[in-house]
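# Fold and contact review
Residues per chain are reported as follows:
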Amino acid sequence: MEGRISRALLSERLGISRAAVSSVTERLIEEKVLRVSGIGESRGGKPPVMLSIEPNAFHVIGIDIGSGTFLRGLRCNAAGGEVESAVLPFQNTFEDILEKSALLIRRLSRSSSEAGVAGVCAAVSGIVDRNGNEVRLSANFPLAGKQFADRLGKLCGYEILLENRSRVSAECERYFGAARGCADFLFVTAEKSIGSTLYSNGTLFQGRNGAAGEIRSIPVPAGEKVITLEKALDESRILQLCGNQYCSEQELFAGFEREEAQAVSICRELLDAAAGGIAAAVNLTDPELVILGGRFRAFGNRFLHEFQTRLDRLAPPVYGKRRTLYSSVGRDGALRGATLAALLKQTENMRFFSPCGTRFFRREDYKTKKKE
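Residues numbered from 1 in each chain as written. Predicted model: local features only at pLDDT ≥ 70, side-chain atom pairs only at ≥ 80, totals over all residues. Heavy atoms only, no water.

### Some details on the sheet that holds strand E10 (residues 160-164)
As a reminder of what qualifies: Following DSSP output, two strands are said to pair if at least two bridges run between them. Helical segments are the DSSP runs of H or I of at least four residues, strand segments are the runs of E of at least two, and each set is numbered from the N terminus. Only the stretch in contact is used when fitting a helix axis, every axis being a line fitted to C-alpha atoms; angles between N-to-C directions are given from 0 to 180 degrees. Every residue pair with non-hydrogen atoms within 4.5 Å of one another is taken to be in contact.
As summarised here, the arrangement of the five strands in space is E6-E5-E4-E7-E10, forming an open sheet in which the pairing is mixed. A strand with exactly one partner marks an edge of an open sheet, and here the two such strands are strand E6 (82-89) and E10. Ignoring strand direction, the axes of neighbouring strands in this sheet form an average angle of 20 degrees. Relative to strand E5 (residues 70-77), strand E4 (residues 59-65) runs antiparallel, the two being bridged by six bridges. Its bridge partner being in E5, Asp64 is matched across the sheet by Arg72. Across the sheet, helix H11 (residues 333-348) is in contact with E4, E5, E6, strand E7 (117-124) and E10; its angle to E4 comes to roughly 140 degrees.

Structure (structure tokens):
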């Protein structure tokens with residue numbers, strides 16, 4: 001989160017002694033996981049020595065399964081910096097998703113960098129059993145109950161971590177984006193499916209089976225009908241409403257900004273649906289902040305303003321003002337979030353590093369070490 005930080009501030013944030021912080025950071029510097037990165041500003045005494053992550057201590061790969069007709073992959077360094085990206089078209093069958101995901105990982109793992117790949121995370125559209133590392137339900141992709149992570153790991157040679165797309169997108173916002181510093185927020189993303197994630201008092205709210213936040217099936221008004229929120233905001237449905245007038249969502253919402261009559265009519269129907277469905281979640285959870293991610297960010301400033309007005313009417317704040325913002329990373333949220341999840345997982349596995357910090361365990365090594 002910080003980029004650079006001093007030992008004194010680490011001690012203050014973690015609530016442990018400076019001697020303990022120095023002991024740990026010196027070891028991590030020797031192992032080439034941390035590095036000295038300059039001198040910071042003085043707070044009244046000697047200017048502090050700043051520490052940061054050594055970018056090439058290790059790399060991670062994230063893949064995004066759930067956005068349109070393309071699988072996307074990203075390789076990042078240990079500091080979160082982008083190293084390389086790749087995109088592949090796919091057919092919506094289990095076999096093709098598995099094959100193309102493995103191809104993406106193999107392609108990204110062949111980078112010319114000397115740093116090894118220490119972890120891989122796949123962000124998927126669906127309910128993920130985090131203990132079993134398995135997709136339990138996926139409405140739009142044939143991934144549920146098929147041991148996707150294990151089979152993908154065998155194809156590419158890495159331990160695969162599975163996470164829900166909405167969850168990792170929200171975590172990305174919490175670390176680096178619109179939710180930074182906010183303990184209570186609702187994140188809603190619109191792609192092929194609708195997903196949402198709730199943080200309450202700084203803690204992810206998961207529910208009994210990890211399915212909390214599934215608002216896709218909430219009934220909402222759509223013209224003279226009542227349909228599910230996911231169907232109401234489906235991109236193909238929106239383009240059908242546009243007829244021959246607009247060829248894309250971007251054109252539609254540009255027309256809305258210009259107050260073109262047909263665009264206004266369509267967008268206000270979408271606003272009623274979006275605000276109606278999300279208000280149900282807001283009334284139950286009372287977040288300080290609502291973040292709209294995925295395709296939402298392309299809907300424009302007027303949509304966001306009118307959405308806030310409708311939401312306040314349907315879910316009036318009890319005290320103070322509730323904020324509504326677009327995601328900082330938009331449609332890249334799940335991909336960036338997947339690499340963040342892989343980074344965070346790797347920090348949990350730091351004990352698997354060799355003393356010199358240069359060996360990175362592949363799938364077979366990981367299972368051996370996990371048993372030990």
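Back to the write-up after that little detour.
### Description of the sheet that holds strand E2 (residues 34-39)
Reading across from one edge, E1-E3-E2 is the order of the three strands in this open sheet, with antiparallel pairing throughout. The strands lining the two open edges of the sheet, one partner per strand, are strand E1 (4-6) and E2. On average, each strand axis in the sheet is inclined to that of its neighbour by 40 degrees, with strand direction left out of account. On the sheet, helix H1 (residues 7-14) packs against E1 and strand E3 (49-53) and is oriented at approximately 85 degrees with respect to E1.

### Here we look at the nonpolar core
What tends to happen in soluble globular proteins is that the nonpolar side chains get buried as a cluster. Rules: Only buried residues count toward a nonpolar core. Its members are Ala, Val, Leu, Ile, Met, Phe, Trp, Tyr and Cys residues joined through side-chain atoms within 4.5 Å. Buried, partly exposed and exposed residues are distinguished by accessible area as a fraction of the type maximum, computed with a 1.4 Å probe on protein chains only: under 20%, between the cut-offs, and over 50%, respectively.
Of all hydrophobic cores here, the largest spans 41 residues; its most connected members are Leu252, Ile278, Leu292, Phe296, Phe303 and Phe307. In terms of residue count, helix H9 (residues 261-285) provides more of this core than any other element does, 13 residues in total. Those residues in contact with Phe307, other than ones at most four positions away along the chain, are Leu271, Ala274, Ala275, Ile278, Leu292 and Thr324.

### Some remarks on the pattern of salt bridges
Stated formally: For salt bridges, the criterion is a side-chain nitrogen of Lys or Arg within 4 Å of an Asp or Glu carboxyl oxygen.
As enumerated under the stated definition, the model contains 24 salt bridges in all. Arg130 is paired through a salt bridge with Glu163; the nearest N and O atoms lie 3.0 Å apart. Separated by 33 residues along the polypeptide, Arg130 in the loop between strand E8 (127-129) and strand E9 (134-137) and Glu163 in strand E10 bring together distant segments of the chain. The partner of Arg323 in a salt bridge is Glu288, and the shortest N-O contact between them spans 3.4 Å. Pair noted here: Arg323 is in strand E17 (residues 323-326) and Glu288 is in the loop between H9 and strand E16 (289-294), with a separation of 35 residues, a long-range link. For Glu288, a relative accessible area of 40% puts it in the partly exposed group. One salt-bridge network, in which partners are shared between bridges, spans Glu259, Arg268, Asp272, Arg302, Glu306 and Arg310.

### As for H9
Rules: What a helix should span is 1.5 Å times the count of its residues minus one. The angle separating two fitted axes, one through the seven residues that finish at a residue and one through the seven that start at it, defines the bend at that residue.
Along its 25 residues, H9 runs 36 Å from first to last C-alpha, staying within 8% of the 36 Å computed at 1.5 Å per residue. The axis of H9 is deflected most strongly, by about 25 degrees, at Ala279. Two residues or fewer after H9 comes Asp286, characterised by a positive phi angle close to 55 degrees.

### Let's talk about the confidence of the model for the protein chain
Where we set the bar: Each residue carries a pLDDT value, the predictor's own confidence for that position, ranging from 0 to 100.
Summary statistics for the protein chain give a mean pLDDT of 89 and a share of 93% for residues scoring 70 or more. Taken as a whole, residues 352-372 scores under 50 in pLDDT and shows 37 contacts with residues more than four places along the chain or in a different chain.

### Structural notes on the packing of H9 against helix H10 (residues 301-314)
Quick reminder of the rule: Orientation is classified from the angle alone, with under 35 degrees giving roughly parallel, over 145 giving roughly antiparallel, 65 to 115 giving roughly perpendicular, and any other angle giving oblique. By the definition used in this description, the sense in which the near helix is turned from the far one sets the handedness, with an anticlockwise turn below a right angle giving left-handed and a clockwise turn giving right-handed. Here the term charged refers only to Asp, Glu, Lys and Arg, the term nonpolar to Ala, Val, Leu, Ile, Met, Phe, Trp, Tyr, Cys and Pro, and the term polar to all other amino acids, Gly among them.
Packing of H9 against H10 leaves a shortest axis separation of 9 Å and a crossing angle of 45 degrees. The angle between H9 and H10 places the two elements in the oblique class. With respect to the hand of their crossing, H9 and H10 are arranged in right-handed fashion. Facing H9, whose interface residues are Val264, Cys267, Arg268, Leu271, Asp272, Ala274, Ala275, Gly276, Ile278, Ala279, Val282 and Asn283, H10 presents Arg302, Phe303, Glu306, Phe307, Arg310, Leu311 and Leu314. Classifying every residue of the contact of H9 with H10 by side-chain character gives 12 nonpolar, two polar and five charged.

### Description of the pairing of strand E15 (residues 225-228)
Pairing geometry for strand E14 (residues 219-222) and E15, over four bridges, is antiparallel. Among the inter-strand pairings, Pro219 is bridged to a residue of E15, identified as Thr228. The hairpin turn running from E14 into E15, its antiparallel successor, is two residues long, and Gly223 in that turn takes a positive phi close to 65 degrees.

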